[in-house]
Amino acid sequence: MKRKAKILVVDDEAIIRDSLTDWLTDVGHQVSSSENGHQALDIIQKERPEIVITDLVMPGIDGLELLKRIKQMFPEIQVIIITAYGSVPTAIQAMREGAYDYIEKPFCPEKAELLIEKLVERQALLDENVSLRQKLEDKYSFENIIAKSAKMQQVIDIIKVVARSNATVLVTGESGTGKELVARALHAQSYRKDKPFVAVSCAALPESLLESELFGHEKGSFTGAYAQRKGKFEIADKGTLFLDEIGEMSPNIQVHLLRVLEEKEFARVGGNEPVKVDVRLITATNKDIRKAVAAGQFREDLYYRLNVVSIELPPLRERREDIPLLAEYFLRKFARQNQKKVSDFSLEAVDFLLKYEWPGNVRELENAIERAVILTRNAYVEANDLAQDNVLMTHHRVSSGKKISDVEKNHIVQVLIETGGNCSETARLLGISRMTLYNKIRAYGLTVNKVDRR
Ligand SMILES: Nc1ncnc2c1ncn2[C@@H]1O[C@H](COP(=O)(O)OP(=O)(O)OP(=O)(O)O)[C@@H](O)[C@H]1O
Ligand SMILES: [Mg+2]
């Protein structure tokens, strides 16, 4: 049997209020209604609904203000916002303020009913007696993206709102911050989700090959073009095309791409016949593309076309709150994959995870945990497993400088060599903590090669 919910509908327009109230009552929910924000707050105090559906534009306390007050007083109440068609910016703001979702006017009550059904199911799932961790993970994950920090929650909110539009999205962020994951989430949350998601890296191919990879070619268009070939744009028709490392795209292809965006059609390489496509474009880069624009390496007009919405992924070191949940998520994933009974981290391991700088971001964290799970002989992962205990220093250059830092660097290298790259032993001999040693290894830019410990 479907679970029923206690709902409050707030709207100053009687037609919307009443039709929604009647509809939701008819399908079995317990529904109250209110025509303004003040009255709504009264009812919320008395009745404690689980869900509030509110219009945004109302005299007195408007929907956004109501949302803020609800989230302050009763954070557990889920709020759904009703917005005018096309007012995405307000919707984004509402999501940032903690709204669960929004419905665009005009809407049919079925749509609201479906949304509520999903919400109620989700709540039920969260309430079930799953382990606390699993609960946390469900609460803070969205389309395979673990996001607990406020910064990442904002990213998720933006994804939810823009996924449904056709706007181009430029995803930026350091290497390994999850740009491709975000692109996939945007696709999975869009109405295109059952159509192809096609990813192309603009850095992987030389210019001429990339052009035919993207736009296809006609038979005989160049030596070796024995048959007509469809490009990724055609393959992605009705779906999403993800162009990674867009900053590497050559000027020629930039022009070609701009034309496709403007005219929604193009010709295959070596052909004249226009090909029409309906493709949602998402691009990503770990470079500062505005600099490339300023330097004349990237077309400004193209940049604006690609950057209708931008999503910036913060580096992991700026959102350390995400680390524990990510670490456990990866631990479970790799334990399952490798059929190992590893279920936890030692306290020191957690300490290490939290303090380390993670220059390679989430990808580095994921790799470190995969390696640790594979290597450990215990039921839990220890700091040693994570910190690449057996490393061999290679290509180290002992400098002949006279600065104290040079002397320190040389000394560290020397001791590391003596211990065969054993960090614990090295730290002990040097009389410093492993963390300190690890930070120094990085600070001095020492190259370390991992050696399997088997
Ligand atoms: N928030 C997250 N939750 C779970 N997994 C994540 C998260 N962010 C990144 N990952 C994982 O980290 C790895 C790197 O992510 P992804 O490939 O999306 O990064 P990227 O920004 O595209 O990196 P690059 O710039 O190097 O291409 C992937 O395995 C991805 O699944
Ligand atoms: Mg990537």
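All values derive from a computational prediction rather than experimental measurement. (Residues numbered from 1 in each chain as written. Chains lettered and ligands numbered in written order. Predicted model: local features only at pLDDT ≥ 70, side-chain atom pairs only at ≥ 80, totals over all residues. Heavy atoms only, no water.)

What follows deals with the sheet that holds strand 8 (residues 169-173). A sheet is described by the order of its strands in space; here 5 strands give the open sequence 9-10-13-8-14, paired in parallel fashion. Since the sheet does not close on itself, it has two edges, and those belong to strand 9 (197-201) and strand 14 (309-313), each with one partner. Neighbour-to-neighbour, the strand axes of this sheet turn through a mean angle of 20°, independent of strand direction. By the bridge criterion, 4 bridges tie strand 10 (residues 240-244) to strand 13 (residues 280-285) in an arrangement that is parallel. Across the sheet, residue Leu 241 finds its bridge partner in strand 13, namely Leu 281. (Pairing = 2+ DSSP bridges. Helix = DSSP H or I, 4+ residues; strand = E, 2+ residues; numbered from the N terminus. Axes fitted to C-alpha atoms, helices over the stretch in contact; angles between N-to-C directions.)

This next bit is on the packing of helix 4 (residues 88-96) against helix 7 (residues 150-163). The interhelical angle for the contact between helix 4 and helix 7, taken along N-to-C directions, is 145°, at an axis separation of 9 Å. For the pair helix 4 and helix 7, the crossing hand works out as right-handed. For the pair formed by helix 4 and helix 7, the contact residues are Val 88, Ala 91, Ile 92, Met 95 and Arg 96 on the first element and Gln 154, Asp 157, Ile 158, Lys 160 and Val 161 on the second. Residue composition of the contact of helix 4 with helix 7, grouped by class: 6 nonpolar, 1 polar and 3 charged. (Left-handed = near helix turned anticlockwise from the far one by under 90°. Contact = heavy atoms within 4.5 Å. Nonpolar A, V, L, I, M, F, W, Y, C, P; charged D, E, K, R; others polar.)

Structurally, the position occupied by Glu 328 is in helix 14 (residues 322-337). Relative accessible area serves as the criterion here: at 21%, Glu 328 is assigned to the partly exposed category. (Buried < 20%, exposed > 50% of the residue type's maximum accessible area, 1.4 Å probe, protein only.)

Below, the discussion takes up the sheet that holds strand 3 (residues 51-55). Whenever strands of a sheet pair, they do so through backbone hydrogen bonds, lying parallel or antiparallel. Read across the open sheet, the 5 strands follow the order 2-1-3-4-5; overall the sheet is parallel. At either margin of the open sheet sits one strand with a lone partner, and together these are strand 2 (30-34) and strand 5 (101-104). Each strand axis lies, on average, 20° off the axis of its neighbour in the sheet, ignoring direction. Here 4 bridges tie strand 1 (residues 6-10) to strand 3, and the two strands are oriented parallel to one another. Counterpart to Ile 7 in the pairing with strand 3 is Ile 51.

What follows is about the site of ligand 1. The environment of ligand 1 is formed by 18 residues, the closest being Ile 146, Gly 176, Lys 179, Arg 363 and Glu 366. With respect to ligand 1, the side chain of Ser 175 contributes an N or O atom lying 3.0 Å from an oxygen atom. Here Glu 180 contributes a backbone N or O atom positioned 3.1 Å from an oxygen atom of ligand 1. In isolation ligand 1 has 630 Å² of accessible area, and contact with the protein removes 84% of it. Put simply, ligand 1 lies in the second largest pocket. (Near = heavy atom within 4 Å. Polar contact = N/O pair within 3.5 Å; in protein donor to acceptor, adjacent residues only side chain to side chain. Areas by Shrake-Rupley, 256 points an atom, 1.4 Å probe, with all protein chains shown as cover. 1 Å grid on protein atoms, 1.4 Å probe; cavity = no way out; pocket = protein on both sides within 12 Å on 5 of 7 lines; lining within 4 Å. Sits in = over half its atoms within 2 Å of the grid points.)

What follows concerns the domain arrangement of the protein. As far as domains go, the protein holds domain 1 (6-128), domain 2 (150-313), domain 3 (317-386) and domain 4 (391-450). Using only C-alpha atoms to locate each centre, domain 1 and domain 3 end up separated by 40 Å. (Domains from an automatic or database assignment.)

This part is about the layout of surface pockets. Space left empty within the atom packing is revealed by a probe, the size of a water molecule, rolled over the atoms. Here the second largest pocket is characterised by a volume of approximately 590 Å³. In this structure, the second largest pocket is lined by 26 residues; those nearest its centre are Gly 176, Thr 177, Gly 178, Lys 179 and Leu 181. Sort the elements by how many residues they give to the lining of the second largest pocket and helix 8 (residues 179-188) lands first, with 5 residues. Considered class by class, the residues forming the lining of the second largest pocket number 10 nonpolar, 7 polar and 9 charged. Of the domains in this structure, domain 2 (150-313) and domain 3 (317-386) are the two that each give at least three residues to the lining of the second largest pocket. (Points joined across faces, edges and corners; volume = space filled by probe spheres on them.)

The next thing to look at is the side chain of Asn 307. Looking at where Asn 307 falls in the secondary structure, it is placed in the loop between helix 13 (300-306) and strand 14. Not counting the four nearest positions on each side in its chain, Asn 307 is found in contact with Thr 168 and Leu 170.

As a further point, take empty space enclosed by the protein. Taken as a whole and assessed by the stated rule, the structure comprises 2 cavities of 30 Å³ or more. Considering only enclosed or pocket space, the second largest cavity measures out at about 40 Å³ in volume. Forming the boundary of the second largest cavity are Lys 6, Ile 7, Leu 8, Gln 30, Ser 32, Ile 43, Glu 47 and Pro 49. The element contributing the most residues to the lining of the second largest cavity is strand 1, with 3 residues. Its residues assigned to classes, the lining of the second largest cavity comprises 4 nonpolar, 2 polar and 2 charged.

Moving on: the environment of Ile 289. Among the structural elements, Ile 289 can be located in helix 12 (residues 289-294). On a C-alpha basis, the gap between Ile 289 and Ile 417 in space is 42 Å, while along the polypeptide they are 128 residues apart. What Ile 289 contacts, discounting residues up to four positions off in sequence, is Leu 170, Ile 246, Gly 247, Phe 298 and Tyr 303.

The subject of this paragraph is the pairing of strand 2. Bridging between strand 1 and strand 2 involves 5 bridges; their strand directions are parallel. Bridge pairing links Lys 6 to Gln 30 in strand 2. Each parallel crossover has a hand, and the one from strand 1 via helix 1 (residues 14-26) to strand 2 is right-handed. (Right-handed = clockwise from strand over helix to strand, strands pointing away.)

The next point concerns helix 1. Helix length check: helix 1, at 13 residues, gives a terminal C-alpha distance of 18 Å against a target of 18 Å (1.5 Å per residue), a fit within 8%. All buried positions along helix 1 are accounted for by Ile 16, Arg 17, Leu 20, Thr 21 and Leu 24. Seen from one end, helix 1 has its buried residues packed into an arc of 120°, which puts them on one side. Exposed and facing more than 90 degrees away from the buried side of helix 1 are Ile 15 and Asp 26. Count one or two residues on from helix 1 and you reach Gly 28, which has phi positive near 110°. (Expected span 1.5 Å × (residues − 1). Arc of directions from axis to C-beta.)

Before going further, it helps to examine the packing of helix 7 against helix 8. Between helix 7 and helix 8, the least distance of the axes is 8 Å, while the angle of their chain directions is 40°. Relative to helix 8, the element helix 7 lies oblique. Relative to helix 8, helix 7 is oriented so that their crossing is right-handed. Touching Val 155, Ile 159, Val 162 and Ala 163 of helix 7 are Val 182, Ala 185 and Leu 186, all from helix 8. Split by residue class, the contact of helix 7 with helix 8 holds 7 nonpolar, no polar and no charged. (Parallel < 35°, antiparallel > 145°, perpendicular 65-115°, else oblique.)

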